[in-house]
Amino acid sequence: YCSCYSCSFYYIDYCLSHIVALSLWDESQQDFKEAMIKYNQLCELGGTDTFKKLLEAADLPSPFDTDVMKRLAFACCRFLEL
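Just so we're clear, the structure is a prediction, and the values are computed from it rather than from any experiment. (Residues numbered from 1 in each chain as written. Predicted model: local features only at pLDDT ≥ 70, side-chain atom pairs only at ≥ 80, totals over all residues. Heavy atoms only, no water.)

Draft legend 1. Structural view of the overall build of the protein. Along the protein, the regular secondary structure elements total four helices and zero strands. Taken from N to C terminus, the helices and strands of the protein fall in the order α-α-α-α. Considering only residue pairs separated by 6 or more positions, the protein has 42% of its internal contacts joining residues 24 or more positions apart. Of the accessible surface of the protein, which amounts to about 6200 Å², a share of 61% is contributed by carbon and sulfur atoms. Each charge sign in the protein was given a centre, from 7 positive and 12 negative side chains, and these centres are 4 Å apart. (Helix = DSSP H or I, 4+ residues; strand = E, 2+ residues; numbered from the N terminus. Contact = heavy atoms within 4.5 Å. Areas by Shrake-Rupley, 256 points an atom, 1.4 Å probe, with all protein chains shown as cover. Lys, Arg positive; Asp, Glu negative; His and termini not counted. Charge placed at Lys NZ, Arg CZ, Asp CG, Glu CD.)

This is the structure in structure tokens:
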């Protein structure tokens, strides 16, 4: 059994995936078709390279880039009208 607390890397993987999902959602708000192309490309490449290289190949921002979280937080706030 692996809980979030005993397998921290497992949990970190989910956090990184959520950030990428939010990036795709944010892009889909402006250009749904392009976001789906990137999503499909990412899925097709899945497991063939490192996380960061997969994101680069799909032209998606890395959660490790400086302003990604800030940009996504503002996008969510705008969407939720906060």
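Draft legend 2. Highlighting unusual backbone geometry. Unlike most non-glycine residues, Asp-59 shows phi in positive territory, near 55 degrees. Along the chain, Asp-59 turns up in the loop between α3 (51-57) and α4 (68-80). Taking the relative accessible area as the measure of exposure, Asp-59 reaches 55% and is therefore exposed. A positive phi is found at Glu-81, a non-glycine position, where the angle reads about 55 degrees. Structurally, Glu-81 is set in the segment after α4. (Buried < 20%, exposed > 50% of the residue type's maximum accessible area, 1.4 Å probe, protein only.)

Draft legend 3. Broad picture of α4. Counted at 1.5 Å a residue, the expected span for α4 with its 13 residues is 18 Å, and the 18 Å between its end C-alpha atoms agrees. Taken as a whole, α4 has its buried residues at Val-68, Leu-72 and Ala-75. Seen from one end, α4 has its buried residues packed into an arc of 60 degrees, which puts them on one side. Exposed side chains of α4 directed beyond 90 degrees from the buried face belong to Lys-70, Arg-78 and Leu-80. (Expected span 1.5 Å × (residues − 1). Arc of directions from axis to C-beta.)

Draft legend 4. Seen up close, the environment of Gln-30. When you line up the elements, Gln-30 lands in helix α1 (residues 8-30). Sequence-wise, Gln-30 and Glu-44 are 14 residues apart; in three dimensions their C-alpha atoms are separated by 23 Å.

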